[in-house]
Amino acid sequence: MSKGFESCRYKCTQCTFSSNDQEELKSHISKHSDDKQQQGQLKDGLQSQKCGVRTWFLIMASTDSKTLSKLFFFGRMQLPGHMSAAASDAISRYGRDPILVFFKAFGNLLQLNLQEAITELETIRDDSDVQLCTLMALIVAHKEQPHCDRDAVLKLDERLKERRRTAGENALRFAALFLALSNRPDKATQYADRILKINSSSFEGHVLRGWIYLMEAEINGNKKDEFRRRAEKDFESASSLQTNESEDPELLLGKVRCFEMKGDYKKALSILNSLRISHFEPKTIEKMRLELALGQWEDAQQLAVDCISTGSELCLLPALQMQIMYLLCREANYAEASNTIQKFIDQLHALEEGSAALFSFNAKLFSRMCGRNSLILQQAVSMMQHVVSIDASSNNLVEQGELLLKTAVSPDTFTTASNVFVKAMEADPDNARAMLGFNRCKLESGKTRDFDKIFNELEIIKESMSAGVTTRDESIFLANLLFTQAIILKQKGHTDKVFALIKKAVDFQHSSILRVGVGPEYLCALDADFRTENVKLLLKTIPPENISNSKQPNIMFNFAASVLDTVLKYMPGLFEAKYYGAYIKFLTGDLSTAESLLQDCIDRGSDADISDAHLLMAQIHVETGQFSKAESALSQALSLNFSVRNTPTYLLAKAKVHNKRQQFTDARKTLESALNLPGVRKVTGRARVNSAANTPTTPISDSERLTIFLELSECHRNDGNVHEATKVMQDAINEFKGTSEESRVVIANANLDLARGDVEGVLAALRQIDADKPYYISAREKMADIYLHHRNDKRMFAQCYKELVELQPNTRTKMLLGDAYMNILAIDKAIAVYQSAYKDSPNDVYLVKKIAQAFVKMHYYSQAITYFRNGYKKAPTLKYDLIDLLCRLRQFDDAERVLDESERHEQTYDLNRLMDEVKNFIARARIAEKRNQPQTHERFLHKAEAQQDVVLRRVKSEQPEWTQKQTELAIDINYELANLAISNRDLDKAVEIYQKCLGLNARHSKTQVKLIKTLLDLGNIEDCETHCVELLKSDPDNTDAIIMMADLMLSKHEFEDAGKYYRQLLDRSPDNCKVLLKAVGCLRRLGKLSDVKALFDAAIEHSPKIEMDAGFIYANAYYELYMGKVGDAMRLFNKCRKVKEYGEGSLCEMIRICLNPDNNVLGAEAFEDVAQSNSYGSEKSDLDSMALKTGEKLLAELKKSYKDSSEYGILQAYHIMSAKTNSAVNEAINLFNNLMPSNPVGCILGVASGYMISKNMLKARGELKKLYKEYQWNLADSEHFEKAYLLLADVMIQSNKYEIAHESLKKCLQYNKSCYKAYEYSGLVFEKEQSYKEAAERYALAWKYSHKTDPSIGIIVKFADFYSSLGYKLAYNYLKAKRYIDAIDISNEVLANHESYPKIRKDILEKARAAFRT
């Protein structure tokens, strides 16, 4: 403190306070510290005093922790202009306090405003508290002068040494700060140690040293954790010394930085939020950084928008930087980003004009994340030009040249970049970066063919660095050098060595970011542009065979995908990275992820960019069979870039769509157009320049050219024109002879030769493909396939793969051999081979899974469990395979222990951890389901649903490319919940869940189909039709949607329209058993069962093996049942009853047949006299008893196999009722009443049947009338409604109410024109009304739709009764209607099949003959 402080007495102008006591003065100042107006008035009042003014200002600045922390913060952020501006703002409030003047001058010094800095520093060089730091700053300023005054520097240095010996705490503190902010933390530490030596309880000393350690941690990455721990210790010591209730901002920011360095950004943000200081820019800026580190882009962006809108000058630059990163990395909105960058540059010039490093860093940052957008690159170049104007050092010139090289698209721009690199080499001849850049210019401009010379020069530099890479800059340089060497090897054609160099390049580049916290520095060091360029180069050099076999795990594709995944994790909006990521997923068969990535490209990209994305999307749709969508994508690509019509990719995709739709003429014309493209029939040597896009396009590759030939040959072959197919193939053989694609032609030609039966010729041709040819492995696989499927020679099948392993013993070939052994069920040999491959690649999780699955097939479950346990430690996804296996073995406790072990780890907010928790909840739900714990099952599903909602919110901002998969998972979880709701008959809840799923993905066809089906079950026809029409508009080829539309037509009783939809599907796919089954039911309702045979014949012709398919047998069983051949139906249903998909339905139908073999209406009495007169006596009774026993066994099987079957209760009640005793009937009725809520229609019919059996016709009629009036016909209960209408007609006939009977029968026939029982009842009504002509017509229809068949003799013979009695009735009514010839014909037909039915001879045949004679 200044001398004389104690003799000064001050009086506040705003209150009555006056004192000469230092502590009282400090306390009073703090009361006014947050009121700017009051501070200004205090200052004005005090300036009238003659003494102690300087001391007052010193106390004001040193006690205002908010102001000091702000100054230190901007110094640490390397924003010297902001530091000067903050100091100037404080000076305007506090006056020319020496501390504030120093920081203002320090900011000018860092911006090289040397004279201004020296002038300011000279005014405070004698102040004891800032004297040390001022002298240090003056020495630096003088040394930076163009003409250094050495005498002045010596004098300043002597004075510094003198003052350093007697310096107090404050002087040492600010000196340490100066050194730390000047990137000399090692020297700063010495000053901080002296402070704590003088006063070990110095709060400021501990905070200062803690920050210095953090700065050392940033510089010395290898000792980062050690320095961070030291800093934490100092901050803890400072906390223990603090007396104020609120923490010092500098201390709190230090703790935030410690947690940030540990990667615990959530904790860092929590601590930062506890800082209660208003209008504090460091808090806002740091919060933006932490939100970014957490992946909360939207929150960080909102903070930036708020900063910009409030007009805070000190926050504006970081806020604009954040907004630019958001627009580039998230939105890919380059136009808006360019506008914001211009504002950012203007603000840089306003505040940081002399900060060359700041201009340079942001130029690199924006250029590396803009996807080489020309607008952004030009702005980055202008920023680097400003850097060079400040400091034309060799390194700055190199960075300018590297930026110019990114913009180079013409010879002039290459020349400009090359000249800059030459200047850099002139400035520093030893600058290896300059030499590397110069060589890159020559390579990319095509001005040199001297590849060996350049490669060797780079090799010498690389060898000189063999001692080890120690700095981040060295890692980045070496990564660029290796990438340049990879370019040279690619141009020389040595593609086999490119991958190794690219992998090393990316590894070195990645090592430069290992110890960088997530933020702008990390995103800059990540260098998305460099990584994307490496992947593009790698994709150009992957061997053709790897592309063709890319569905197998491939190290190159995995590496490329991992490189891009890292980029997209932090910069999900980058178009190129996302596009190539989608392309790799497409090549490796992950079509759903590829589609998700591409859709995001299309949604975010500009029209100029996304035509390629539409082309790739079209290829994906072709692969997945969505041809309408493929055509739409091709149209989009063409509308955005008309020149794509002349590209092989466009024409190939278009041809494939035509080919798949069997439009062979259009496909052929398209492919012939592709063949006529320049370069397809003959390779073009040089790349062409696309004038429209002004970018070079690569020549058509051999692989693309050959694909056109092969597709055309396939098109001819599919069209039945084998001669033309052979001709095209011969052209391909001639065209590609001697190229890398020659082997592929041989393999493709093998398919044609096999079709002609020339197996030996094919094998001979494949044997000619040598081991050094690109497609050797594919040739061996084809040979093996021929041996297995055409010669049934398992030994030679395995031998092909054994020879492959002998010639190329690596993991991939061993896996192929292991798969071959698995195919021929030599599982023990497969395990041995897999284990050998596992020794070569112990980290290959795919192998672990294969070995474990092989052990499971051998029933060696303990070994499988061991492999899964060891494997999931390396790959957590295997944990769920292990749990699935344990559940299959019913080891539920062990399965839960596996989950418990994985959940014992530290809980984090990491996105991957949250996704694991969702999977864990799903796994626990599965375990509960297997344990038959429905409530626990549902509880865990709800937990999974809630957690997945959190994941979806996070993933949309952090990993957008995962959005589709995570949305699918959310939908799957909701499906299970919907299934539970449906099983509980809560269809409204199921609809609500499906609507939530559509909220997640409005175009999700599977969800729409489920919703439509549930609405259909609810009888909500209007909404059902609306959803169906919308789905068919968006996806006209959707099979499920067409089926639902047909079902909807059935529900609306529009059976003809439904039949048209089914016919449409069967024309496209005759062997679709699901549609075939529905078509059989529809034709039955149309009265056209005779058309079914043609459908079955078409299915067999299309797919001869379909007769063995369970779905086909199931459909055939229903056909036989509807045709009245219950014996055949029973036999066919029996074949399906063990098949999961058809088991429940088959069992239910078999039970119904056993309980009611001739499909009579239970309880009906109108024909009872006929049935009694045609009884088979004891034989019938024995057969009935046998059928009931069989039904009882089947019922027990149904209960055991399908515990939740909705039909079990009703069938059980009918089985009880079949005893026909009063007690049995009453028991059945009670059971029906209990089941009423779950199946009201079926149960009302059952109750009515029971009343009829117990001769209580009034109650039966009451139940049936209730059903008739209160319930609308629906497809699900159609069989129950039919029986109810028939039973009601029976009751009304017995009551002589023929009009109501007619009405009920009309309703029955409205829904099923094949219902012969309805025609029979109708004939009976007309007969009772003595309308014999009409009766004969109805009986004739009944005769027709009963198909006049005699069921096979077995347990079912009662149909003979019906057959004979129906024939009798028909003949009788012909007789009464005087149609004697018809009566005679029917009588003869009955007697021909049933000689033991003499009644018809006597009563009808003889009378008809006599009447005819007369």
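The structure under discussion appears in the preceding block.
The notes below deal with the structure included here. Predicted model only: the values in this text are computed from it and were never measured.

What counts and what doesn't
Residues numbered from 1 in each chain as written. Predicted model: local features only at pLDDT ≥ 70, side-chain atom pairs only at ≥ 80, totals over all residues. Heavy atoms only, no water. Helix = DSSP H or I, 4+ residues; strand = E, 2+ residues; numbered from the N terminus. Expected span 1.5 Å × (residues − 1). Contact = heavy atoms within 4.5 Å. Salt bridge = Lys/Arg side-chain N within 4 Å of Asp/Glu carboxyl O. Buried < 20%, exposed > 50% of the residue type's maximum accessible area, 1.4 Å probe, protein only. Core = buried A, V, L, I, M, F, W, Y, C linked by side-chain atoms within 4.5 Å. Patch = residues over 30% accessible without salt bridge, like charges linked within 9 Å, V, L, I, M, F, W, Y side chains within 5 Å. Areas by Shrake-Rupley, 256 points an atom, 1.4 Å probe, with all protein chains shown as cover. Lys, Arg positive; Asp, Glu negative; His and termini not counted. Charge placed at Lys NZ, Arg CZ, Asp CG, Glu CD. Axes fitted to C-alpha atoms, helices over the stretch in contact; angles between N-to-C directions. Parallel < 35°, antiparallel > 145°, perpendicular 65-115°, else oblique. Left-handed = near helix turned anticlockwise from the far one by under 90°. Nonpolar A, V, L, I, M, F, W, Y, C, P; charged D, E, K, R; others polar. 1 Å grid on protein atoms, 1.4 Å probe; cavity = no way out; pocket = protein on both sides within 12 Å on 5 of 7 lines; lining within 4 Å. Points joined across faces, edges and corners; volume = space filled by probe spheres on them. Phe/Tyr/Trp six-rings, centres within 6.5 Å; stacked < 30°, edge-to-face > 60°. Lys NZ or Arg CZ within 6 Å of the ring centre and 35° of its normal. Polar contact = N/O pair within 3.5 Å; in protein donor to acceptor, adjacent residues only side chain to side chain.

**Notes on helix α55 (residues 1021–1034)**
Because the α-helix completes a turn every 3.6 residues, residues three or four places apart line up on one side.
Okay, so step 1: Over its 14 residues, α55 runs 20 Å from end to end, which matches the ideal 20 Å to within 8%, given 1.5 Å per residue.
Okay, so step 2: For α55, the elements touching its buried residues are α54 (1005–1018) and α56 (1039–1051).

**Description of the pattern of salt bridges**
Okay, so step 1: On inspection of all chains with the given rule, the structure shows 46 salt bridges.
Okay, so step 2: With a closest N to O distance of 3.9 Å, Glu260 and Arg289 form a salt bridge. Of the two residues, Glu260 sits in helix α14 (residues 249–262) while Arg289 sits in helix α16 (residues 281–293), which places them 29 residues apart along the sequence. Comparing Glu260 with Arg289, the two get one shared label, buried.
Okay, so step 3: The salt bridge partner of Asp507 is Lys503, with a shortest N-O separation of 3.4 Å. You can see Asp507 and its partner Lys503 sitting in helix α27 (residues 498–511), four residues apart, about one turn around the helix.
Okay, so step 4: Through salt bridges with shared partners, one network takes in Arg257, Glu260, Glu286, Arg289 and Glu521.

**Observations regarding the nonpolar core**
Okay, so step 1: Counting 241 residues, the largest nonpolar core has Phe103 and Leu523 as its most contacted members.
Okay, so step 2: The biggest single contributor to this core is helix α18 (residues 313–331), with 13 residues.
Okay, so step 3: If we skip the residues at most four places from it in the chain, Phe103 touches Leu71, Phe72, Met83, Ser84, Ala87, Phe174, Leu177 and Leu181.
Okay, so step 4: Formed by 165 residues, the second largest nonpolar core is a distinct cluster that contains Leu998, Val1075, Ala1289 and Ile1386.

**Let's talk about a positive patch on the surface**
Okay, so step 1: Together, Arg888, Arg890, Lys930, Lys1140 and Lys1203 make up a positively charged patch on the protein surface.
Okay, so step 2: If you trace the backbone, Lys1140 turns up in helix α62 (residues 1140–1155).

**Quick look at the environment of Ala1342**
Okay, so step 1: Looking at the element boundaries, Ala1342 is found in helix α72 (residues 1332–1345).
Okay, so step 2: Judged by relative accessible area, which is 0%, Ala1342 ranks as buried.
Okay, so step 3: Separated by 25 residues in the primary sequence, Ala1342 and Lys1317 place their C-alpha atoms 6.8 Å from one another.

**So, the packing of helix α4 (residues 65–76) against helix α10 (residues 169–181)**
Okay, so step 1: For the pair α4 and α10, the least separation of the axes is 9 Å and the interaxial angle reads 25 degrees. On the basis of their axis angle, the class for α4 and α10 is roughly parallel. For α4 against α10, the interelement crossing comes out left-handed. The segment α4 lies against α10, with Leu68, Phe72, Gly75 and Arg76 engaging Arg173, Phe174, Leu177 and Leu181.
Okay, so step 2: Of the residues belonging to the contact of α4 with α10, the class tally is five nonpolar, one polar and two charged.

**Some remarks on the packing of helix α53 (residues 987–1000) against α54**
Between two packed helices, what matters for the description is the angle formed by their axes and the separation of those axes.
Okay, so step 1: It is at 9 Å that the axes of α53 and α54 come closest, and there the two elements cross at 155 degrees. On the basis of their axis angle, the class for α53 and α54 is roughly antiparallel. The way α53 lies across α54 gives a crossing that is left-handed. Contacts from Leu987, Asp988, Ala990, Val991, Tyr994, Gln995, Cys997 and Leu998 of α53 reach α54 at Thr1007, Gln1008, Lys1010, Leu1011, Thr1014, Leu1015, Asp1017 and Leu1018.
Okay, so step 2: Classifying every residue of the contact of α53 with α54 gives nine nonpolar, four polar and three charged.

**Some words on empty space enclosed by the protein**
Okay, so step 1: Scanning all chains against the criterion turns up seven cavities of 30 Å³ or more.
Okay, so step 2: For the largest cavity, the calculated volume is near 60 Å³.
Okay, so step 3: If you go around the largest cavity, the residues you meet are Arg368, Met369, Cys370, Gly371, Ala528, Asp529, Thr532, Leu574, Glu576 and Ala577.
Okay, so step 4: Sorting elements by how many residues they give to the lining of the largest cavity places helix α29 (residues 528–541) first, with three residues.

**Some remarks on the packing of aromatic side chains**
Okay, so step 1: Counted by the stated rule, this structure contains 31 aromatic pairs.
Okay, so step 2: Judged by centre distance (5.5 Å) and plane angle (15 degrees), the ring pair of Tyr1319 and Tyr1345 falls under stacked. With Tyr1319 in helix α71 (residues 1316–1328) and Tyr1345 in helix α72, this residue pair connects regions lying 26 residues apart in the sequence.
Okay, so step 3: Taken together, the ring pairs in this structure connect Phe72, Phe102, Phe103, Phe106 and Phe178 into an aromatic cluster.
Okay, so step 4: Sitting over the face of the ring of Trp211, Arg76 holds its NZ or CZ atom 3.6 Å from the ring centroid.
Okay, so step 5: Between Lys1307 and the ring centre of Tyr1268, over which it is positioned, the NZ or CZ distance is 4.6 Å.

**Comments concerning the environment of Arg125**
Okay, so step 1: Among the secondary structure elements, Arg125 is positioned in the loop between α7 (114–122) and α8 (131–144).
Okay, so step 2: Expressed as a C-alpha distance, the spacing of Arg125 and Ala137, which sit 12 residues apart in the sequence, is 10.0 Å.
Okay, so step 3: Arg125 has contacts with Gln131, Thr134, Leu135, Leu138, Leu156 and Arg159, leaving out every residue within four places of it along the chain.

**Thoughts on unusual backbone geometry**
Okay, so step 1: We note that Ala332 has phi near 55 degrees; this positive angle belongs to a residue other than glycine.
Okay, so step 2: Judged by its relative accessible area of 10%, Ala332 is buried.

**Focus on the side chain of His1215**
Okay, so step 1: Summarising the element assignment, His1215 is placed in helix α65 (residues 1208–1217).
Okay, so step 2: Among the polar contacts listed, one links the side chain of His1215 to the backbone oxygen of Leu1188, at a separation of 3.4 Å.
Okay, so step 3: If sequence neighbours within four positions are ignored, His1215 has contacts with Leu1155, Leu1188, Glu1192 and Leu1195.

All quantities given are derived from atomic positions and should not be read as evidence of function.
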